[in-house]
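# Close look at the chain arrangement
These are the residues of each chain, in order.
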Amino acid sequence: MIMSYDRRKYALLEARPGFYPNIWFHYLRGYKHAFTSLVEDVLRKNVSVDYMAHPILFVARHAVEIGLKANVYELEKYTNCRFIKIANCHKITKWLLEFNSQVDTFYDICSSKQIPVDETEKSQYIEYYKSLDQLVNGSEKFKGLGIIDDGSIKFRYPIGKVLDERGKPLLDENGNPIMKKVFEVTEIISIAEVERLFNESMVLLEHTINVFDQYMKQIDNN
């Protein structure tokens, strides 16, 4: 018996969201795959880059947030420290600083326990971190996801509150927040540069804990 189209479709699209055990890194890889698929759809000229810019940038930014949190939570098990106030925080600029502080402290712990860390691995971390920093904080070619939309608002909604220099909403004469469009027609973002930095950043966010695993095991057995 040939399965009907609807039955095949529903069978293929029956998801089990809790299937993967390492949930943070599973989320990271899922968003990474989604970003790649969206960019490829634009490159195949199936859809306009202007039309898809918001979901592409949102997925890229959210993948970075998930990746930073995933790594920080794993490293905290060894550092027993949180260096920045980031509870309930979505700002990727702060999570990036926290991630780097966690890595530095982890290296210090290894040194204090006389566990040698491969210098090549340290150099590779520095190189990939440069790409991650540029993705978040910007470069000459790209303003930076954390500068454009640090708290994950502008890529999700077409209007936002006007803020003063302290980050507080400005109010109109009736006490209501003043709203404005989050992007102007003249603004340009290089998705190609985002893609380049994103792919390099994912190497760091996906594999740092795998690289550190050998040192974590030595700490556990120390």
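Before going into details, it helps to say that this report is about the structure given with it. The structure presented is a predicted model; accordingly, all values stated were derived computationally and were not measured.

## Section: helix α5 (residues 119-137)
The first and last C-alpha atoms of α5 sit 26 Å apart over 19 residues, in line with the 27 Å expected at 1.5 Å per residue. Every buried residue of α5 is accounted for by Y125, Y129, S131, L132, L135 and V136. When α5 is viewed along its axis, its buried side chains cluster within an angular range of 160 degrees and face the same direction. Contacts from the buried residues of α5 go to α3 (49-79), α4 (92-112), α6 (145-149) and α7 (191-221).

## Thoughts on the layout of surface pockets
Any empty space left between the atoms is revealed when a probe the size of a water molecule rolls over them. The space that makes up the largest pocket amounts to roughly 630 Å³. What lines the largest pocket is a set of 19 residues, and nearest its centre among them are I148, I153, K154, K161 and L163. Residue assignment for the lining of the largest pocket shows that the elements contributing at least two residues are α6, β1 (159-161) and β2 (179-181). Of all the elements, α6 adds the most residues to the lining of the largest pocket, at 4 residues.

## What to know about the pattern of salt bridges
The final tally for this structure, using the stated rule, is 13 salt bridges. Here R61 and E65 are joined by a salt bridge, their closest N and O atoms 2.9 Å apart. You can see R61 and its partner E65 sitting in helix α3, 4 residues apart, about one turn around the helix. As far as burial versus exposure is concerned, R61 and E65 are alike and both buried. One salt bridge in this structure joins E127 and K130, with 3.2 Å as the shortest N-O distance. Taken together, the residues E127 and K130, both in helix α5 and 3 residues apart, mark about one turn of the helix.

## Some remarks on the side chain of E206
Topologically, E206 is positioned in helix α7. Accessibility expressed as a relative area gives 8% for E206, which makes it buried. Not counting residues up to four positions away in its chain, the partners in contact with E206 are F25, L28, R29 and K32.

## A short note on helix α2 (residues 23-43)
Compared with an ideal rise of 1.5 Å per residue, which puts 21 residues at 30 Å, α2 spans 30 Å between its outermost C-alpha atoms and is within 8% of the ideal. Three or more residues of α2 are buried, namely F25, L28, F35, V39 and V42. Along the long axis of α2, the arc covered by the buried residues comes to 110 degrees, so they all point the same way. Contacts made by the buried residues of α2 are with α3 and α7. Immediately downstream of α2, the backbone of K45 shows phi near 65 degrees, a positive value.

Conventions we followed
What you see as residue numbers is a count from 1 along each chain, following the sequence as written. Residue-level local features of this predicted model are given only where pLDDT is at least 70; pairs of side-chain atoms are given and counted only at 80 or more, and the full residue set underlies all totals for whole chains, interfaces and linings. Heavy atoms from the whole structure form the basis of all side-chain values; hydrogens and water molecules are not counted. Only DSSP runs of H or I covering at least 4 residues are called helices, and only runs of E covering at least 2 are called strands; the numbering of each starts at the N terminus. Expected span of a helix, by definition, is 1.5 Å for each gap between consecutive residues, and there is one gap fewer than residues. The cut-offs for exposure are 20% and 50% of the maximum accessible area for each residue type, with area from a 1.4 Å probe on protein chains only; residues under the lower value are buried, those over the upper are exposed, and the others partly exposed. Summarising the geometry, the arc corresponds to the directions from the helix axis toward the C-beta atoms. Note on contacts: a residue pair is in contact if any heavy atoms of the two residues lie within 4.5 Å. The definitions used throughout rest on a 1 Å grid laid over the protein atoms alone, on which a cavity is an enclosed set of points accommodating a 1.4 Å probe that cannot get out and a pocket is an open set flanked by protein within 12 Å on both sides along at least five of seven lines; lining residues are those having an atom within 4 Å of a point. Grid points are joined across faces, edges and corners, and a volume is the space filled by probe spheres set on the points. When a carboxyl oxygen of Asp or Glu is within 4 Å of a side-chain nitrogen of Lys or Arg, the pair counts as a salt bridge.

So far we have only geometry, and geometry alone does not tell us how the molecule works.
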